[in-house]
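# Examination of the molecular architecture
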Amino acid sequence: MNVIEATGLGKRYGSTWALRECALAIPAGHVAALVGPNGAGKTTLLNLAVGLTTPTAGIVTVLGGRPAGSPAALDGIAFVAQNTPLYKNLSAADMLHLTSNLNRRFDRHYAQARLGELGIPLKQKAGNMSGGQQAQLALTLALARRPRLLVLDEPMAMLDPLARHDFMATVMTAVADHGVSVLLSSHVLAELERVADYLILMSQGRVQVAGEVDDLLACHRMLTGPAADAGRYAERLNVVHARHGAAQAHLLVRTSGVADPVAPGWEAHPVSLEELTLAYLREPGAAALPGPARSRDAQPTEVTK
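Residues numbered from 1 in each chain as written. Predicted model: local features only at pLDDT ≥ 70, side-chain atom pairs only at ≥ 80, totals over all residues. Heavy atoms only, no water.

### As for the overall build of the chain
Scanning the chain for helices and strands turns up ten helices and 14 strands. Taken against the 2.2 N^0.38 rule, which gives 19 Å for 305 residues, the C-alpha radius of gyration of the chain at 21 Å falls within 12% of a compact globule. Seen through its principal axes, the chain has C-alpha atoms that stretch 65 × 40 × 40 Å. Split into buried and exposed, the 305 residues of the chain put 50% on the buried side. Accessible area for the chain stands at about 14,000 Å²; split by element, carbon and sulfur atoms hold 52% of it. For the chain, the centre of its 27 positive side-chain charges and the centre of its 26 negative side-chain charges are spaced 7 Å apart. (Helix = DSSP H or I, 4+ residues; strand = E, 2+ residues; numbered from the N terminus. Rg over C-alpha atoms; globule rule 2.2 N^0.38 Å. Buried < 20%, exposed > 50% of the residue type's maximum accessible area, 1.4 Å probe, protein only. Areas by Shrake-Rupley, 256 points an atom, 1.4 Å probe, with all protein chains shown as cover. Lys, Arg positive; Asp, Glu negative; His and termini not counted. Charge placed at Lys NZ, Arg CZ, Asp CG, Glu CD.)

And the structure:
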């Protein structure tokens, strides 16, 4: 089952396309990282997926084919936005009561127990909480709905390192204990590398890279060798990004997924998720193909240039 699937998806605001020709299929059971520069279309894609806006072109479905924004879809999705929207004058207990009344399914016992573990008093008003406490309250309200898909749009942007760690620990517990699929938009690459096993990279309103992290890392590597030979050597390679120094050159290349031969005087090294992501962000015209292994239920992901 694909938790999000898009075909020809586009969104235009006036004469500006925020997202266009998006083709994507995210299989269930992953923590999927959505990465890209500001203005890449990430929030637009998330808003379309959760039904907060409607497409200008194409279609997007969730949870195995349910139209985004339909009652059946909304019942299985929880969304936490960047500004962790809470009523600042309401206490945590009030927020639990309100959210319970607005949703068909809400696990109040889980929510109260979770807030107790976090040391967040039920009587404390949201406006008097720290940024980390507000983020945890918003996440707790979302998880208490027992969603199948949790969508997070830059939820850690304003959090300190300890609060980010605690926030993601809660998310990963939900993944492990309840099988929740996660789509997480974030600029904190180090945090994503620790938790994500699926990557969607966007640039200029289009999907640039999509696939399982292990597959993508397996078909990329870093080559280091003499700068004088870099141009001639690179002509035979699929170079994503190149860095040239006075003596050495570093080429991040896409391979066939096997142990391609390395030229004499050059060394090959595996790449990290952060290196891979930064390389494609620096080269928005490049496109990566997912590795050969895919989820059994996932459809091939079209990657647009």
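### Here's the deal with the side chain of Thr 255
On the secondary structure map, Thr 255 appears in the loop between strand 13 (248-254) and strand 14 (267-270). Excluding residues that lie within four positions of it along the chain, Thr 255 makes contacts with Ala 218, Cys 219, His 220, Arg 221 and Asp 260. (Contact = heavy atoms within 4.5 Å.)

### Some points on the packing of helix 3 (residues 92-102) against helix 4 (residues 108-118)
Packing of helix 3 against helix 4 leaves a shortest axis separation of 11 Å and a crossing angle of 160°. Considering the angle they form, helix 3 stands roughly antiparallel to helix 4. With respect to the hand of their crossing, helix 3 and helix 4 are arranged in right-handed fashion. Mapping the contact onto sequence places Ala 92, Leu 96, His 97 and Ser 100 in helix 3 and Arg 108, Ala 111, Gln 112 and Leu 115 in helix 4. Of the residues that constitute the contact of helix 3 with helix 4, the class distribution is four nonpolar, three polar and one charged. (Axes fitted to C-alpha atoms, helices over the stretch in contact; angles between N-to-C directions. Parallel < 35°, antiparallel > 145°, perpendicular 65-115°, else oblique. Left-handed = near helix turned anticlockwise from the far one by under 90°. Nonpolar A, V, L, I, M, F, W, Y, C, P; charged D, E, K, R; others polar.)

### As for the nonpolar core
The biggest cluster of nonpolar side chains holds 53 residues, and the ones touching the most others in it are Leu 137, Leu 150, Leu 152, Phe 167, Val 171, Val 182 and Leu 199. When residues in this core are grouped by element, the largest group, seven residues, is from helix 5 (residues 131-143). Counting 29 residues, the second-largest nonpolar core is a separate cluster that includes Leu 9, Cys 22, Leu 34 and Leu 48. (Core = buried A, V, L, I, M, F, W, Y, C linked by side-chain atoms within 4.5 Å.)

### Topic: the sheet that holds strand 1 (residues 2-13)
Within a sheet, adjacent strands bond to each other through the backbone by hydrogen bonds, running parallel or antiparallel. Sheet architecture is open: four strands sit in the order 2-1-4-5, paired in antiparallel fashion. Two strands bound the open sheet, and with one partner strand each, they are strand 2 (16-27) and strand 5 (66-67). In terms of strand pairing, strand 1 meets strand 4 (residues 57-62) through five bridges, oriented antiparallel. If you follow Glu 5 over to strand 4, its bridge partner there is Thr 61. (Pairing = 2+ DSSP bridges.)

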